[in-house]
Amino acid sequence: MSPENVTTISLRQFKKTARKIVCVTAYDCPTARMLNRAGADIILVGDSLGMTVLGYETTIPVTMEDMVRHTRAVVRGNAGCLVTADLPFLSCGAGDERAVLNAGRLLQEGGAHAVKIEGGEFAAELVGKMVRAAIPVMGHIGLTPQSVFQLGGYRVQGRGNAAAERLRRDARVLQDAGIFALVLECIPAELAGEISRELEIPTIGIGAGPDCDGQVLVCHDLLGISTGVNPKFVKRYAEVGEISLKAFSEFAREVRAGKFPGPEHSFK
Ligand code: KIV
């Protein structure tokens with residue numbers, strides 16, 4: 001490991017010096033290479049993979065096998081980012097021993113540096129067991145997509161005093177259990193700011209306003225490849241979907257018109 005590599009320790013240092021943390025999801029090797037060149041700190045192999053790449057409607061069908069395969073692909077393209085892989089639905093819900101082994105698989109077989117687990121206070125005991133097994137864990141509270149059916153849809157969390165207090169408590173308990181960073185998804189900006197100031201570990205926001213210690217976006221949203229509803233918190237930095245569609249259509253037109261391949265693309 002080179003000294004320039006981002007580690008769980010450097011993330012804490014970034015928080016201390018108010019240097020914002022940059023995190024983007026990726027599911028393949030070329031995207032990981034580009035994120036390294038672009039200066040990302042964390043690559044998150046998110047289970048958003050299920051929607052962005054595998055064509056599911058939720059993250060629930062994503063399996064450990066999917067996560068291991070895509071984590072390996074990302075790790076092949078990684079140089080110095082901290083690669084964190086999501087623990088998918090039910091990988092943690094069927095007993096702590098199995099959960100720790102699943103987390104270990106993402107490091108041993110996938111090559112990730114850390115794992116991310118969704119859930120608040122109820123996940124803290126399990127987080128402690130993973131940390132004691134030398135597995136670095138990132139937490140994730142607020143809108144936790146694996147609980148979409150329990151939450152009644154994708155909606156802002158932590159509104160109202162009781163819900164906000166619950167999230168504050170979740171954050172503190174998870175920090176005490178040993179997480180190295182915490183994703184705050186879809187919660188009011190003011191609450192996210194308060195939680196970020198209360199914690200010693202860094203927070204990474206998505207739909208959680210500007211006062212988190214870092215920000216994460218889903219690669220396909222950021223690039224403008226995702227179709228359908230564009231959540232309010234997404235900024236599309238490019239329209240790669242439109243550019244790709246144009247290129248595919250042009251190729252189809254040229255093949256049918258006999259224009260491709262030309263002499264410059266043919267062997268004599
Ligand atoms: O799966 C994912 O991409 C995530 C981010 C949205 C934080 O969990």
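Coordinates for the structure precede this section.
Everything in this summary refers to the structure shown in the same document. (Residues numbered from 1 in each chain as written. Predicted model: local features only at pLDDT ≥ 70, side-chain atom pairs only at ≥ 80, totals over all residues. Heavy atoms only, no water.)

## What about the site of the ligand?
Okay, so step 1: Taken together, Thr25, Leu44, Gly46, Asp47, Ser48, Asp86, Lys116, His140, Val183, Glu185, Ile206 and Val218 form the complete shell of residues around the ligand.
Okay, so step 2: Side-chain polar atom of aspartate 86 to an oxygen atom of the ligand: 3.1 Å apart, as the coordinates give it.
Okay, so step 3: A distance of 2.9 Å separates an oxygen atom of the ligand from a polar atom in the side chain of lysine 116.
Okay, so step 4: In isolation the ligand exposes 260 Å². Once the protein is present, 95% of that is buried.
Okay, so step 5: A majority-of-atoms criterion places the ligand in the largest pocket.
Okay, so step 6: Considering only residue class, the shell around the ligand consists of 4 nonpolar, 4 polar and 4 charged. (Near = heavy atom within 4 Å. Polar contact = N/O pair within 3.5 Å; in protein donor to acceptor, adjacent residues only side chain to side chain. Areas by Shrake-Rupley, 256 points an atom, 1.4 Å probe, with all protein chains shown as cover. 1 Å grid on protein atoms, 1.4 Å probe; cavity = no way out; pocket = protein on both sides within 12 Å on 5 of 7 lines; lining within 4 Å. Sits in = over half its atoms within 2 Å of the grid points. Nonpolar A, V, L, I, M, F, W, Y, C, P; charged D, E, K, R; others polar.)

## What about the pairing of strand 7 (residues 203-206)?
Okay, so step 1: In strand 7, alternate side chains face the same way, and those of Thr203 and Gly205 on one face and Ile204 and Ile206 on the other are all buried.
Okay, so step 2: Two strands pair when backbone bridges link them, and strand 6 (residues 181-185) and strand 7 are joined in this way by 4 bridges, in the parallel orientation. Bridging across to strand 7, leucine 182 finds its partner in threonine 203.
Okay, so step 3: Once you follow strand 6 into helix 9 (residues 189-198) and on to strand 7, the crossover reads as right-handed.
Okay, so step 4: Two strands pair when backbone bridges link them, and strand 7 and strand 8 (residues 214-217) are joined in this way by 2 bridges, in the parallel orientation. Considered in strand 8, the bridge of isoleucine 204 is made with glycine 214. (Buried < 20%, exposed > 50% of the residue type's maximum accessible area, 1.4 Å probe, protein only. Helix = DSSP H or I, 4+ residues; strand = E, 2+ residues; numbered from the N terminus. Pairing = 2+ DSSP bridges. Right-handed = clockwise from strand over helix to strand, strands pointing away.)

## A look at the layout of surface pockets
Okay, so step 1: Volume-wise, the largest pocket comes out at about 870 Å³.
Okay, so step 2: Looking at the largest pocket, it is lined by 33 residues, and the ones nearest its centre are Ser48, Met51, Val218, Asp221 and Pro231.
Okay, so step 3: Secondary-structure elements contributing two or more residues to the lining of the largest pocket are helix 3 (49-52), strand 4 (114-118), strand 6 and helix 10 (219-222).
Okay, so step 4: Class assignment of the residues belonging to the lining of the largest pocket gives a composition of 15 nonpolar, 10 polar and 8 charged. (Points joined across faces, edges and corners; volume = space filled by probe spheres on them.)

## Re helix 5 (residues 96-108)
Okay, so step 1: For helix 5, built from 13 residues, the straight-helix expectation of 18 Å at 1.5 Å per residue is met to within 8% by its first-to-last C-alpha distance of 18 Å.
Okay, so step 2: All buried positions along helix 5 are accounted for by Ala99, Val100, Asn102, Ala103, Gly104 and Leu106.
Okay, so step 3: Buried-residue contacts for helix 5 involve helix 4 (64-77), strand 3 (82-86), strand 4 and helix 6 (124-132). (Expected span 1.5 Å × (residues − 1). Contact = heavy atoms within 4.5 Å.)

## Considering the environment of arginine 166
Okay, so step 1: Structurally, arginine 166 is set in helix 8 (residues 161-177).
Okay, so step 2: Judged by relative accessible area, which is 54%, arginine 166 ranks as exposed.
Okay, so step 3: The sequence separation of arginine 166 and glycine 120 amounts to 46 residues, and the corresponding C-alpha distance is 8.7 Å.

## Thoughts on the packing of helix 4 against helix 5
Okay, so step 1: The geometry of helix 4 relative to helix 5 is characterised by a closest axis approach of 9 Å and an angle of 25° between their N-to-C directions. As the angle between them shows, helix 4 and helix 5 are arranged roughly parallel. As for the relative orientation of helix 4 and helix 5, their crossing is right-handed in sense. From helix 4, Met64, Glu65, Met67, Val68 and Thr71 reach across to helix 5, where they touch Asn102, Arg105 and Leu106.
Okay, so step 2: Of the residues belonging to the contact of helix 4 with helix 5, the class tally is 4 nonpolar, 2 polar and 2 charged. (Axes fitted to C-alpha atoms, helices over the stretch in contact; angles between N-to-C directions. Parallel < 35°, antiparallel > 145°, perpendicular 65-115°, else oblique. Left-handed = near helix turned anticlockwise from the far one by under 90°.)

## Structural notes on the pattern of salt bridges
Okay, so step 1: Tallied over the entire structure, the rule returns 16 salt bridges.
Okay, so step 2: Between arginine 69 and aspartate 66 there is a salt bridge, with its nearest N and O atoms 3.6 Å apart. Here arginine 69 pairs with aspartate 66, and both are found in helix 4, just 3 residues apart, close to one helical turn.
Okay, so step 3: The shortest N-O distance in the salt bridge between arginine 253 and glutamate 250 comes to 2.7 Å. Separated by 3 residues within a single helix, arginine 253 and glutamate 250 lie in helix 11 (residues 240-256), roughly one turn from each other.
Okay, so step 4: Shared partners join several salt bridges into a network, and the residues in it are Glu165, Arg168, Arg172, Glu194 and Glu198. (Salt bridge = Lys/Arg side-chain N within 4 Å of Asp/Glu carboxyl O.)

## Notes on the environment of asparagine 161
Okay, so step 1: Tracing the backbone through its elements, the reader meets asparagine 161 in helix 8.
Okay, so step 2: Measuring from C-alpha to C-alpha, the distance between asparagine 161 and aspartate 211 comes to 19 Å, with 50 residues separating the pair along the chain.

## Brief notes about the side chain of aspartate 86
Okay, so step 1: The residue aspartate 86 is located in strand 3 in this model.
Okay, so step 2: Polar side-chain contacts of aspartate 86 include one of 2.7 Å to the side chain of lysine 116.
Okay, so step 3: Excluding residues within four positions of it along the chain, aspartate 86 makes contact with Leu44, Val45, Gly46, Asp47, Met67, Leu106 and Lys116.

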